[in-house]
Amino acid sequence: MTAAGAPVEPSSRPIGGFFERHRADGDVGAPSLLAAWTGGRPHGAFVNSRSAFSALARTWPTASIWLPAFVCGDLLDPALAARTRFYPVLEGFTPDVAVIEAGARPGDLVVFVASFGLPIGPEARAFAARRPDLRIAEDRAQALDAGAPIPGAWLLFSPRKLLGVADGGLLAAPDAARSPPQPTTAADAEALWRAPRLRAADPEGRNNAAWHLANQAKEAAMTVGDQAMTAESLAILGEVSLESLAAPRRANWAVLDRGLRAWSALPADPGAPPLGYVLRLEPEQRDRLLAGLHARRVFAAVHWPRIAAPAEAFPREAAWTRELVTLPCDHRYDAATMERIAELANDLLR
């Protein structure tokens, strides 16, 4: 799954140095990402989250699959399209569970998404408790820490969207008694790690265009299959601590919020480390902001350039593809950089 954006950032730091500074064994009692995400439960480590989700869905070959209309268009394996049903997403990025309630049948697979890192809300939790006849999965691809999962839910993670590793899609089982699907073949680690290594070799960001082109080529080449996550990416997930990523993300988000609250698409307290600072603007205003930020070498992303659901059937969700923009607030940046981004965005939005 991809998001549209520029190839450059307000600061450039090699990922190798980052991983060395954020090892979990350097934080007493701090769990690694792998430990925090899986909770020690059985898991499958695939090359990407699309492959992990497809493997899960194939476990029940006749079950309908319920996806939110506002989800990345790249999530869905075309082989699963005939079984897929979409449900509306309400303001605040909450699921319209009434639609699922009316249409879901016993054994169906229902996917709830932790959009922009927000925790899965009470509506979804109450629905899952009412419908133990359904299979529940949480898509946490955008979430570092979305809180306790829905009891009995499968969990899906996409570390490269949050960390900078080359690949990865984790599928964690609901409990120790269930075994998730497993990949069966090895991925091409050299090809997958080419772009991140170009990035690491360019600490001053002087050759961002080459890195970006290589990364685009890598993303375009990713397909749905039974390939395993590379050993290097999996090892990093076991070494980097969750809190070393979550703490700067929360702090940076707060700096942006002080300057940009008037345009925010997220609540004043997101309740979890957010993916980024999400603005909701008029389409022309959004496009003007994106152009201005990219021209000034500030990475800003669009989630999503297109949705998986048919746009004509879900006009609200389709409109968000033209209205939303995500500013970075992750561990690569400090408060001073966030203040500069907020000031620049304010200037462009006037």
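Below, the structure is looked at part by part. (Residues numbered from 1 in each chain as written. Predicted model: local features only at pLDDT ≥ 70, side-chain atom pairs only at ≥ 80, totals over all residues. Heavy atoms only, no water.)

## So, the environment of Glu243
Then step 1. Tracing the chain through its elements places Glu243 in helix α9 (residues 242-260).
Then step 2. Residue class for Glu243 comes out partly exposed when judged on its relative accessible area of 39%.
Then step 3. Separated by 81 residues in sequence, Glu243 and Leu324 have C-alpha atoms that sit 27 Å apart.
Then step 4. Non-local contacts of Glu243, meaning those with residues more than four positions away in its chain, are made with Pro248 and Arg250. (Helix = DSSP H or I, 4+ residues; strand = E, 2+ residues; numbered from the N terminus. Buried < 20%, exposed > 50% of the residue type's maximum accessible area, 1.4 Å probe, protein only. Contact = heavy atoms within 4.5 Å.)

## Some details on the packing of helix α10 (residues 283-295) against helix α12 (residues 335-349)
How two helices sit against one another is set out by the angle between their axes and by the gap between those axes.
Then step 1. Interhelical geometry of α10 versus α12 gives an angle of 135° and a closest axis separation of 9 Å. As far as their axial angle goes, α12 and α10 are oblique. The crossing of α10 and α12 is right-handed. Within the contact between the two elements, α10 uses Gln285, Arg288, Leu289, Gly292 and Leu293 and α12 uses Leu344, Ala345, Leu348 and Leu349.
Then step 2. A per-class count over the contact of α10 with α12 returns 6 nonpolar, 2 polar and 1 charged. (Axes fitted to C-alpha atoms, helices over the stretch in contact; angles between N-to-C directions. Parallel < 35°, antiparallel > 145°, perpendicular 65-115°, else oblique. Left-handed = near helix turned anticlockwise from the far one by under 90°. Nonpolar A, V, L, I, M, F, W, Y, C, P; charged D, E, K, R; others polar.)

## A closer look at unusual backbone geometry
Then step 1. In the segment running from His303 into Trp304, the intervening peptide bond is cis, with an omega of 10°.
Then step 2. Relative to the helices and strands, Trp304 resides in the loop between β12 (301-302) and α11 (315-323).
Then step 3. Of note in this structure, Phe93 is not a glycine but carries a positive phi near 65°.
Then step 4. With respect to the helices, strands and loops of the structure, Phe93 is situated in the loop between β5 (89-90) and β6 (94-95).
Then step 5. When its relative accessible area of 11% is taken as the criterion, Phe93 is described as buried.
Then step 6. Unusually for a residue other than glycine, Arg297 sits at a positive phi of about 65°.

## Some points on empty space enclosed by the protein
Then step 1. In this structure the tally under the stated criterion is 1 cavity of 30 Å³ or more.
Then step 2. Looking at the largest cavity, its volume works out to about 100 Å³.
Then step 3. Along the walls of the largest cavity sit 14 residues, with Val71, Val113, Asp139, Gln142 and Trp304 positioned nearest its centre.
Then step 4. Here the lining of the largest cavity is composed, by residue class, of 9 nonpolar, 2 polar and 3 charged. (1 Å grid on protein atoms, 1.4 Å probe; cavity = no way out; pocket = protein on both sides within 12 Å on 5 of 7 lines; lining within 4 Å. Points joined across faces, edges and corners; volume = space filled by probe spheres on them.)

## A closer look at the environment of Ser244
Then step 1. Take Ser244: it is sitting in helix α9.
Then step 2. Take Ser244: its relative accessible area is 14%, and that puts it in the buried class.
Then step 3. C-alpha separation for the pair Ser244 and Leu33, spaced 211 residues apart in sequence, amounts to 9.8 Å.

## Let's talk about the layout of surface pockets
Then step 1. By volume, the second largest pocket is sized at about 280 Å³.
Then step 2. Lining the second largest pocket are 21 residues, and of these Gly92, Phe93, Thr94, Pro119 and Gly121 sit closest to its centre.
Then step 3. Elements represented by at least two residues in the lining of the second largest pocket include exactly β6, β7 (109-113) and α5 (122-130).
Then step 4. Sorting elements by how many residues they give to the lining of the second largest pocket places α5 first, with 3 residues.
Then step 5. Considering only residue class, the lining of the second largest pocket consists of 16 nonpolar, 4 polar and 1 charged.

## Points about the packing of aromatic side chains
Then step 1. Throughout the structure, instances matching the rule amount to 11 aromatic pairs.
Then step 2. Look at Phe70 and Phe93: their rings are 5.9 Å apart centre to centre, the planes differ by 25°, and that puts the pair in the stacked class. Of this pair, Phe70 sits in the loop between β3 (65-68) and β4 (84-87) while Phe93 sits in the loop between β5 and β6, and the two are 23 residues apart along the sequence.
Then step 3. Residue classification places Phe70 among the buried residues on the basis of a relative accessible area of 3%.
Then step 4. Arranged with centres 5.2 Å apart and planes meeting at 45°, the rings of Trp253 and Tyr277 form a pair that is tilted. (Phe/Tyr/Trp six-rings, centres within 6.5 Å; stacked < 30°, edge-to-face > 60°.)

## Some details on the pattern of salt bridges
Then step 1. Considering all chains together, one arrives at 17 salt bridges under this definition.
Then step 2. Arg306 is the salt-bridge partner of Asp74, the closest N and O atoms lying 3.0 Å from each other. Taken as a pair, Asp74 in the loop between β3 and β4 and Arg306 in the loop between β12 and α11 lie far apart in primary sequence, 232 residues in all.
Then step 3. The class for Arg306 is partly exposed, based on a relative accessible area of 47%.
Then step 4. Each of Glu101, Arg130, Arg131 and Asp133 takes part in one network of salt bridges that share partners. (Salt bridge = Lys/Arg side-chain N within 4 Å of Asp/Glu carboxyl O.)

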